[in-house]
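Residue strings, one per chain:
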Amino acid sequence: MILTGVLLAVFGLGLVGWFAARGRARLLYTGRGSMHSMPAYHGWHMALWILVPALIAWGVWSAIMPGLIESTVFANPVAASLPTDPMTLGAVVAEAHNLASDPSAVAFHAESQVLVEPIRAAQFRFGLIGALLVVVVAVAGGGYGFTRIRADFRARTQVERAVMALLLAASLMAVLTTFGIVGSLVFEAGLFFKDVSPIAFLTGTHWSPASTMGANINDNFGAVPLFWGTIYIGAIIAMIVAIPLGLMSAIYLTQYATSNVRKWLKPMLEILAGIPTVVYGYFAALTVAPMIRDFAASIGMQNPSTESALAAGLVMGVMIIPFVSSMADDALAAVPRAMSDGSLALGSTKSETIKKVLLPAALPGIVAGVMLAISRAIGETMIVVMAAGAAARLSANPFETMTTVTYQIVQMLTGDQEFNSPKTLSAFALGLVLFVVTLILNIVALRVVKRFREAYE
Amino acid sequence: MSKSDWNSPEALRRIARRNASERRFKMIGLGAIVLSLSFLALLLVIMLKNGVTGLDWSFLSGSDSTDATVAGVWGATKGSLLTMAVTLLLSFPMGVLAAIYLEEFAPRKRWIEWIEVSINNLAAVPSIIFGLLGLAVFINTMGMPRSSPLVGGLTLALMTMPVIVISGRNAIKAVPPSIREAAYGIGASKVQTTFHHVLPLALPGILTGTIIGMARALGETAPLLMIGMRAFVATPPDGLTSPSSVLPMQIFLWSDEIDKGFVQNTSAAIIVLLVFLLAMNGIAIYLRNKFEVRW
């Protein structure tokens, strides 16, 4: 509690320091060119000297304080009566901490009551020490900053250096996130591959992680049906819908539509991309799937299920249309005007020019766009969760239920949580596969696009 | 047939055939757009038809319930607002600062390319992967409370930041060099030039990109599913660490209910969500039209 309060005090001190240093710097001003930096920069310099060391001290103290409290509480004589079993002990201590911060909290262990008072006392004592430490550091930093205010002191240079450090730190966040993703996926997947052999995982054709039966655990984690379901729904059915519609939309918008028509149609098409995937999923489950089931029944399927690969793939394809369309749009726009002009001058009609000149010339760009679209489709989760079904099966029948990598990740991680079972960890292995595949698709596609742009420059 | 006889029946037939194929091609193009848009129209009409009767004050002010007639969206809306607040507070400053660094200050070195590559890739990583990251790092390693707006906001912030960086860089790139040179000419330092002149001019573009990124985060469900935001929460969250739901998650949870009344609720919640998204995109378009300067 005290530690949170002291943060406010530090920011208050920073504000005071800012004004004090600026005021003092103003007094030094004796005419044009008499000072290196403007007074406000002296203010910022001082404020940084107050805030940065104090915040570092605060961070360090908050990190070590729980350990200090723990050891003090255990040194207390009442701790001798506590159970020795580490599981119960942990529960008791956690309860006591809850009770200490909120007296009305529920406690299941009577022992936790005796710990409340020592914990409160220790929290108060170490909180106070920490708060004093932070304030002392802030005042010391501020004092040092204040003594440096001189007419020729390069406060601006110093402040700008701090700004640069901040900017760099913000950009490094992206790298940190990437490392975080790779690190956590590889780590958790590594735990999974300790139990299940990677080869069995990548080549096995039987997926039933829920069943603990069977002598060999490897037999239950064959992910090929999931990969097939993902490819069938995301890269085949969805693309059969999205490529023709997206490509033809792009051709019409860029080659035929007047600028007025384009101004209206293009944003409307982009609304399709802005609709949340959960809405598409609900639409697929509520409207599209029953329609497909009735259709399947009418062509003589026995007991067609409500959830089908076709429903999920179809809706996913519609979701991808604007994406394919805008990628094709870019690819067509990158083809030099002279090429289509030449074709038109030879007497070909517009559609002949598009089919025989524009499309072949734009093909690399369009292929790259399709690759990006596929990478988006196979990572899509909500539509398949709501419409594709849970049965892992290798089948080419679009009316059957099929499951995907993303569906299984959701399935493994929601429900009973026992974190270190192979069943839960398999989600991270699937996530790793998904991450690597989308990464490769993206890198290759971006490279193709770059090469293709350069070819026409 | 003489070579230049354009009036021979054969030549006329051929021209007619080519013209017909031209018209056919154009019609196919128009048809593709109309088909896509009619799908959109169908979706909207079905949601409106199912949901509009369920939109009343008790629905807008209530919270989740097992009874379809008293369930409402305020709890989930408040959860969404808290989550979005965390996302915005983190991803906007970070995204803008990173965009400034990469566009204005970064030396052309190998490790800078690494940053650029990782930002471009993060923008294309499936959202569910961010959920796995959030689960492994924020919940399992750092021990933050499950299904809280805090963890949801952090996860979505990591997902939104690359979008903001990319749009921010484009906006900063669009500010002409003459602005910078004028500032240097009267003695401004590089940092002063950037923060006093370039950033204000780029801000409308950055804000447009930010709103679009936030709209995407608002509609996102999959990563939140990973960090456990699917619990049944019957009271609006009263803080950043209390269990909460968000609007898209509420839609997902209701869509699973068997009770017929929830079909209406789900559609009504979808209407609420779409209204939010439409408003955000409208603001983005308005900002772009009002403040964007064509140099």
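A. Fine view of the overall build of chain A. Helix and strand counts for chain A come out as 15 helices and zero strands. Its C-alpha atoms give chain A a radius of gyration of 32 Å, more than 25% over the compact-globule value 23 Å for 457 residues. Its C-alpha atoms put chain A at 80 × 75 × 40 Å along the principal axes. Counting over 457 residues, chain A shows a buried share of 44%. Relative to all contacts within chain A whose residues are 6 or more apart in sequence, the contacts with residues 24 or more apart total 71%.

B. Fine view of the overall build of chain B. For chain B, the count of helices and strands is 11 helices and zero strands. Order of helices (α) and strands (β) in chain B, N terminus to C terminus: α-α-α-α-α-α-α-α-α-α-α. The principal-axis extents of the C-alpha atoms in chain B amount to approximately 85 × 65 × 35 Å. Looking at chain B as a whole, 47% of its 295 residues are labelled buried. Restricting the contact set of chain B to residue pairs at least 6 apart, pairs at least 24 apart contribute 77%.

C. Structural view of the nonpolar core. Residue and element names in this part refer to chain A. Counting residues in each nonpolar core, the largest one holds 180 residues, and the members touching the most others are Ala284, Ala312, Val315 and Ala387. For this core, the element with the highest residue contribution is helix α10 (residues 309-334), accounting for 17 residues. Each residue touching Val315, except ones within four places of it in the same chain, is listed here: Tyr280, Phe283, Ala284, Val288, Ile383 and Ala387. Judged by nonpolar contacts, the second largest core, of 25 residues, contains Val6, Trp58, Val137 and Ile149.

D. How the structure looks around the domain arrangement of chain A. You can read the domains of chain A as domain 1 (2-153) and domain 2 (217-455). Here the C-alpha centroids of domain 1 of chain A and domain 2 of chain A sit 52 Å apart.

E. A look at the environment of Pro176 of chain B. All names here are of chain B. Among the structural elements, Pro176 can be located in the loop between α6 (149-174) and α7 (177-185). Judged by local crowding, Pro176 falls into the partly exposed class, with 13 C-beta atoms found within 10 Å. For the pair Pro176 and Leu81, spaced 95 residues apart in the sequence, the C-alpha separation amounts to 37 Å.

F. Up close: the interface of chain A and chain B. Counting residues at the interface gives 64 residues for chain A, matched by 64 residues for chain B. Partitioning the side of chain A that touches chain B into residue classes produces 41 nonpolar, 19 polar and four charged.

G. Representation of the domain arrangement of chain B. Residues and elements named next belong to chain B. Taken domain by domain, chain B comprises domain 1 (9-54) and domain 2 (59-291). Each of domain 1 and domain 2 has a C-alpha centre, and the two are 35 Å apart. Each partner contributes residues to the interface: domain 1 has seven residues there, and domain 2 has eight residues.

H. Structural context of helix α8 (residues 190-218) of chain B. A rise of 1.5 Å per residue sets the reference length of α8 of chain B, with its 29 residues, at 42 Å; its end C-alpha atoms lie only 36 Å apart and thus fall more than 12% short of the reference. Roughly 50° is the biggest bend found in α8 of chain B, and it falls at Leu199 of chain B, with proline Pro200 of chain B one to four residues downstream.

I. Just the confidence of the model for chain B, in detail. Residues and elements named next belong to chain B. Here chain B averages 88 in pLDDT, and 98% of its residues register 70 or above. Confidence, expressed as mean pLDDT per element, reaches its minimum in chain B at helix α2 (residues 57-61) with 83 and its maximum at α7 with 94. Of the two predicted TM-score estimates for the complex, the pTM is 0.87 and the ipTM is 0.89.

J. Geometry of α10 of chain A. Counted at 1.5 Å a residue, the expected span for α10 of chain A with its 26 residues is 38 Å, and the 36 Å between its end C-alpha atoms agrees. For α10 of chain A, the principal kink sits at Ile320 of chain A and spans about 40°; a proline, Pro322 of chain A, occurs within the next four residues.

K. The packing of α10 of chain A against helix α12 (residues 350-378) of chain A, seen in detail. Residues and elements named next belong to chain A. Contact pair α10 / α12: the axes reach a minimum separation of 8 Å and the direction vectors enclose 145°. In this structure, the crossing between α10 and α12 has a hand that is right-handed. Between α10 and α12, the contacting residues are Met316, Ile320, Phe323, Val324, Met327, Ala328, Asp330, Ala331, Leu332 and Ala334 on the first element and Leu358, Ala362, Gly365, Ile366, Gly369, Val370, Leu372, Ala373, Arg376 and Ala377 on the second. Classifying every residue of the contact of α10 with α12 by side-chain character gives 16 nonpolar, two polar and two charged.

L. Region of interest: the environment of Pro290 of chain A. Along the chain, Pro290 of chain A falls in helix α9 (residues 277-298). Considering only alpha carbons, one finds Pro290 of chain A and Ser308 of chain A, 18 residues apart in sequence, at a separation of 9.5 Å.

M. Broad picture of the packing of helix α10 (residues 247-255) of chain B against helix α11 (residues 261-291) of chain B. Residue and element names in this part refer to chain B. It is the contact of α10 with α11, at a shortest axis distance of 9 Å, that shows an interaxial angle of 160°. As judged from the angle between their axes, α10 and α11 are roughly antiparallel. Between α10 and α11 the crossing geometry is left-handed. In contact with Leu247, Pro248, Gln250, Ile251, Trp254 and Ser255 of α10, α11 contributes Phe262, Asn265, Thr266, Ala269, Ile270, Val272 and Leu273. Considering only residue class, the contact of α10 with α11 consists of nine nonpolar, four polar and no charged.

N. How the structure looks around unusual backbone geometry. Residues and elements named next belong to chain B. A positive phi angle, near 50°, is found at Ser147, a position not held by glycine. Tracing the chain through its elements places Ser147 in the loop between α5 (127-141) and α6. By the C-beta count within 10 Å, which is 22 here, Ser147 ends up buried.

Rules and cut-offs
- Residues numbered from 1 in each chain as written.
- Chains lettered and ligands numbered in written order.
- Predicted model: local features only at pLDDT ≥ 70, side-chain atom pairs only at ≥ 80, totals over all residues.
- Helix = DSSP H or I, 4+ residues; strand = E, 2+ residues; numbered from the N terminus.
- Rg over C-alpha atoms; globule rule 2.2 N^0.38 Å.
- Buried ≥ 20, exposed ≤ 12 C-beta atoms within 10 Å, placed from the backbone.
- Contact = placed C-beta atoms within 7 Å.
- Core = buried A, V, L, I, M, F, W, Y, C linked by C-beta atoms within 7 Å.
- Domains from an automatic or database assignment.
- Nonpolar A, V, L, I, M, F, W, Y, C, P; charged D, E, K, R; others polar.
- Expected span 1.5 Å × (residues − 1).
- Bend = angle between axes of the 7 residues up to and from the residue.
- pLDDT = per-residue confidence, 0-100.
- Axes fitted to C-alpha atoms, helices over the stretch in contact; angles between N-to-C directions.
- Left-handed = near helix turned anticlockwise from the far one by under 90°.
- Parallel < 35°, antiparallel > 145°, perpendicular 65-115°, else oblique.

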